[in-house]
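Chains, contacts and geometry: an overview
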Amino acid sequence: MKFSIKKGNPEKQRSSCIVVGVFEPGELTPPAGAMNKAAKGYIDNILGRGDFDGKAGSTLVLHNVPGTQCERLLLVGLGKETKLDDKIYRDVIRGAFQGLSKTGAEDAMLFLTDIPVENRNAAWKISQTVILAQENGYRFNRLKTKIDETGSRLRKLVLAASSLDHESVAAQESALQQAFAISEGIDLAKDLGNLAPNICTPAYLAKQAVTIAKNHKLKVTVLEQRDMEKLGMGALLAVAQGSRQPAKLISLEYWGGAKKEKPVVLVGKGITFDTGGISLKPAAEMDEMKYDMCGAASVLGTIAAIAQMRLAINVVGIIPTTENMPGGNATKPGDVVTSMSGQTIEILNTDAEGRLILCDALAYAQRYEPQVVIDIATLTGACVIALGHVASGLLSNDDELAEELLLASRQASDPAWRLPLWDDYQEQLKSNFADMANIGGRAAGTITAACFLSRFTGKYRWAHLDIAGTAWKSGKEKGATGRPVPLLTQFLIARTKEGNRHP
Ligand code: BES
Ligand code: MN
Ligand code: ZN
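The residue count restarts for each chain, going from 1 along the sequence in the order it is written. Written order determines the labels here, with chains lettered from A and ligands numbered from 1. The predicted nature of this model means local features are confined to residues of pLDDT at least 70 and side-chain atom pairs, given and counted, to a pLDDT of 80 or more, with totals for whole chains, interfaces and linings taken over all residues. As a rule here, side-chain values come from all non-hydrogen atoms in the structure, and water together with hydrogens is ignored.

A short note on the sheet that holds strand β14 (residues 344-347)
- Criterion used throughout: strands pair if DSSP finds at least two bridges between them. Only runs of H or I of at least four residues qualify as helices and only runs of E of at least two qualify as strands under DSSP, and these elements are numbered from the N terminus. The sheet built from three strands is open, its strands ordered β13-β14-β18 with mixed pairing. Lying at the two open borders of the sheet, with one neighbouring strand each, are β13 (335-338) and β18 (436-437).

Brief notes about the coordination of the manganese ion (ligand 2)
- Because no water is among the atoms considered, metal sites can look incomplete, with donors defined as N, O and S atoms within 2.8 Å of the metal, or 3.2 Å for Na, K and Ca. Taken together, Asp274 (OD), Asp351 (O), Asp351 (OD) and Glu353 (OE) make up the full set of protein donors to the manganese ion (ligand 2), lying 2.1 to 2.2 Å away.
- Any site counts as irregular unless it has four donors with all angles between 85 and 135 degrees, making it tetrahedral, or four or six donors with opposite ones more than 155 degrees apart and the rest between 65 and 115, making it square planar or octahedral. Around the manganese ion (ligand 2) sit six donor atoms; with metal-centred angles ranging over 70 to 167 degrees, the donor geometry is irregular.
- In the primary structure, the donors to the manganese ion (ligand 2) are separated according to the pattern D-x76-D-x1-E.
- For every residue, the accessible area obtained with a 1.4 Å probe (protein chains only) is divided by the maximum for its type, and the residue is called buried under 20%, exposed over 50%, and partly exposed between those limits. The class of Asp351 is partly exposed, set by a relative accessible area of 22%.
- Residue classification places Glu353 among the buried positions, given a relative accessible area of 1%.

So, the environment of Lys7
- Its place among the elements puts Lys7 in the loop between β1 (2-6) and β2 (17-23).
- With 104 residues separating them along the chain, Lys7 and Phe111 place their C-alpha atoms 9.9 Å apart.
- The residues contacting Lys7, other than those within four sequence positions of it, are Ala161, Ser162 and Val169. Any two residues whose heavy atoms approach within 4.5 Å at even a single point are treated as in contact.

Thoughts on the nonpolar core
- Here the nonpolar core consists of buried residues drawn from Ala, Val, Leu, Ile, Met, Phe, Trp, Tyr and Cys, with membership extended through side-chain atoms lying within 4.5 Å. One finds Val19, Phe97, Leu100, Leu157, Leu300, Leu465 and Phe491 to be the most contacted residues of the largest nonpolar core, which totals 99 residues.
- A total of ten residues in this core trace back to one element, the largest contributor, which is helix α9 (residues 294-308).
- In this document the domain limits rely on a domain assignment from an automatic tool or a database. Three or more residues apiece are contributed to this core by two domains, here domain 1 (2-160) and domain 2 (183-498).
- Leave out the neighbours within four places in its chain, and Phe491 touches Val264, Val372, Ile374, Leu401, Glu404, Leu405 and Ala408.
- One finds Ala235, Leu249, Ala450 and Phe452 within the second-largest nonpolar core, a separate group that totals 46 residues.

Description of helix α12 (residues 399-411)
- The end-to-end C-alpha distance of α12, which contains 13 residues, comes to 18 Å, matching closely the 18 Å that a straight helix rising 1.5 Å per residue would cover.
- All buried positions along α12 are accounted for by Leu401, Ala402, Glu404, Leu405, Leu406, Ala408 and Ser409.
- Lining the buried residues of α12 we find β15 (372-377), β16 (392-396), β17 (416-418), β19 (461-466) and α14 (485-496).
- For α12, the N-terminal cap is Asp398; the gap from its side-chain oxygen to the backbone nitrogen of Glu400 is 3.1 Å. Expected helix span is taken as 1.5 Å per residue step, with the number of steps being one fewer than the number of residues. What qualifies as a polar contact is a pair of N or O atoms within 3.5 Å, subject to a donor-acceptor requirement within protein and to the restriction that residues adjacent in sequence count only when both atoms come from side chains.

Digging into the side chain of Asp86
- Turning to its location among the elements, Asp86 is positioned in helix α3 (residues 86-101).
- Side-chain polar atoms of Asp86 contact the side chain of Arg120, separated by 2.7 Å.
- For Asp86, the contacting residues outside a window of four places in its chain are Val117, Glu118, Arg120, Trp124, Arg410 and Ser413.

Here's the deal with the environment of Ala305
- Mapping Ala305 onto the fold places it in helix α9.
- We classify Ala305 as buried; its relative accessible area is 0%.
- A sequence separation of 164 residues divides Ala305 from Gly469, and the C-alpha atoms of the two residues are 23 Å apart.
- With sequence-adjacent residues up to four places away left out, Ala305 is seen in contact with Ala181, Ile182, Gly185 and Thr489.

As for the packing of helix α5 (residues 169-194) against α14
- Fitting a line to C-alpha atoms yields each axis, with helices limited to the stretch in contact; the angle taken between N-to-C directions then spans 0 to 180 degrees. In the contact formed by α5 and α14, the axes pass within 9 Å of each other and the chain directions differ by 140 degrees. The angle between α5 and α14 falls in the class oblique. Crossing handedness for the pair α5 and α14: right-handed. Side by side, α5 and α14 meet where Gln178, Ile182, Gly185, Ile186 and Ala189 of the first sit next to Val485, Pro486, Thr489 and Ile493 of the second.
- Nonpolar residues are Ala, Val, Leu, Ile, Met, Phe, Trp, Tyr, Cys and Pro. Charged residues are Asp, Glu, Lys and Arg, and all others, Gly as well, are polar. In the contact of α5 with α14, the residues fall into six nonpolar, three polar and no charged. For this classification, under 35 degrees means roughly parallel, over 145 means roughly antiparallel, 65 to 115 means roughly perpendicular, and everything else is oblique. Here a crossing is called left-handed whenever its near helix is offset anticlockwise from the far helix by less than a right angle, and right-handed whenever the offset is clockwise.

Brief notes about the layout of surface pockets
- Taken as a whole, the largest pocket spans an internal volume of roughly 1,600 Å³.
- A cavity here means a set of points on a 1 Å grid, drawn over the protein atoms and nothing else, where a 1.4 Å probe fits but cannot get out; a pocket is an open set with protein on both sides within 12 Å along at least five of seven lines, and a residue lines either one if it has an atom within 4 Å of a point. As for the largest pocket, its lining consists of 48 residues, and the residues nearest its centre are Glu135, Lys190, Lys473, Glu477 and Thr481.
- Those elements giving two or more residues to the lining of the largest pocket turn out to be α3, α4 (122-137), α5, β20 (472-473) and β21 (479-480).
- Among the elements that take part in the lining of the largest pocket, α3 stands out by supplying seven residues, more than any other.
- For the lining of the largest pocket, the residue count by class is 13 nonpolar, 16 polar and 19 charged.
- Structurally, the lining of the largest pocket is a two-domain feature, drawing no fewer than three residues from each of domain 1 (2-160) and domain 2 (183-498).
- The computed volume of the second largest pocket comes to approximately 1,000 Å³.
- What lines the second largest pocket is a set of 34 residues, and nearest its centre among them are Lys281, Asp351, Thr380, Gly381 and Ala382. Grid points are joined across faces, edges and corners, and a volume is the space filled by probe spheres set on the points.

Let's talk about the coordination of the zinc ion (ligand 3)
- Around the zinc ion (ligand 3), the protein supplies Lys269 (NZ), Asp274 (OD), Asp292 (OD) and Glu353 (OE) as donor atoms, at distances of 2.0 to 2.4 Å.
- Taken together, the six donor atoms surrounding the zinc ion (ligand 3) define angles of 78 to 175 degrees at the centre, an arrangement classified as octahedral.
- Positions of the donor residues of the zinc ion (ligand 3) along the chain correspond to the pattern K-x4-D-x17-D-x60-E.
- The metal-metal distance between the zinc ion (ligand 3) and the manganese ion (ligand 2) is 3.2 Å, with Asp274 coordinating both. In this pair, Asp292 is assigned in the loop between β11 (270-274) and α9 and Glu353 in the loop between β14 and α10 (354-365), connecting sequence segments 61 residues apart.

Describing the site of ligand 1
- Looking at ligand 1, there are 16 residues lining it, with Lys281, Asp292, Asp351, Glu353 and Gly381 nearest.
- In this structure, Asp274 approaches ligand 1 through a side-chain N or O atom, which is 2.9 Å from an oxygen atom.
- Residue composition of the shell around ligand 1, grouped by class: five nonpolar, four polar and seven charged. Throughout this document, a residue counts as near a molecule or strand when at least one of its heavy atoms sits within 4 Å of that molecule or strand.

Overview of the packing of aromatic side chains
- Paired rings are identified among Phe, Tyr and Trp, the last through its six-membered ring, by centres lying within 6.5 Å, and are further divided according to the angle between planes into stacked (under 30 degrees), edge-to-face (over 60) and tilted (the rest). Summed over all chains, the structure comprises five aromatic pairs.
- Geometrically, the ring pair formed by Tyr291 and Trp472 is stacked, given 5.1 Å between the ring centres and 15 degrees between the ring planes. Of this pair, Tyr291 sits in the loop between β11 and α9 while Trp472 sits in strand β20, placing them 181 residues apart in sequence.
- Take Tyr291: its relative accessible area is 1%, and that puts it in the buried class.

Dropping the structure here:
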């Protein structure tokens, strides 16, 4: 989809569809009022008949409205004026795109930039609109021979520039460009997640990283199994040894910031399929364990997005990637392995494999002398029980970093919620035979998983995002969400702004 920003009066636009907002129970926004005036009260007439009440996200399409230059006019309900918050604005925009999808319009102009949303400027509204437009148009057709033609024909979207906001049109344009880069990063993360696990293997992820590096002139390194053996990554290799697919450790480096500035390191769990290993998972919905590399996908999507927007920051993505399979050589419950950090681990459950590959990647991250490290992982089913499919779990050894991430999550409408990482939980990881066990029992499963990781974070500031409930949707709408690319990109964008950086 092509996006642009333009100033202008709605009644004068030659467009396939003009979109304007109407508050509940029928109050016209200024652009709707302008259309109504040009059409000599035509919209007021229709509202008077009771055909449209302005409920948030509802739509009504009108054709050949007199006195205007457009083929169609789409009215979008905004709900009650006093209630308009982030969620409702997003519902309104989603509703508008669903309404547009039902028409044949290939281009449209939206006059929704000046709708008042508390604490949100035009740049935020533009950014949300671009991301939701792209979301509305997303289809995963790569593995189908008959392409599903349902959905939007929309190819070109023009957003009315704000006439109220203090921001210049140039600033609004740059918000649009950034949002477009983010939406492409989201699409990349979704595509990788949705790909079949026989295609999206560790080698495939490595190839993707190399492609991103080529496109944006980044540095990429792929460690092979023998390299990891030399580094002593016994935990990661213990997961890999049950699989026929060779494991990889990918590093993708984006150096867009100052030379001396230490990088933000993003570590993404890249289990391209999680059978559970010898602690085999039940059959129901096991296909969804192809999504166990969504942390890795979000790291690739985020780096692709910030490289495209040429963000002034240094970011390194580290992706430990392997399958978790129950092969003849697979790790057995009771096996004890030595991690890269030197600490020994008793693997009591081979299905708690994410933390095993992450712990070696976190030790490896140390070599970049990171400013902060954030790992992103579909780590625990317990997180889905705790927070459902709404918020990602956030755990951190640093309050300031946690706050920074929470702020980014709100700004990006990609919610996260912090859980405690108190030492009291560490006791659950005690082992009689090694430095620690890889599981801590059923209680507080998300926290004990993070406790396990915390033992490998050395001295750096670190946060962990558990995206088990947010990285994909199940059921009829099964598909990757691209989360938390919005959160991560927003976090990085905010870091480049003056006064936002912590030592
Ligand atoms: N990839 C899973 C976590 C998961 C499960 C995410 C279901 C989304 C939906 C992870 O590797 C796993 O299997 N975790 C175990 C840990 C347990 C054995 C301590 C879990 O959550 O059951
Ligand atoms: Mn598992
Ligand atoms: Zn897993």
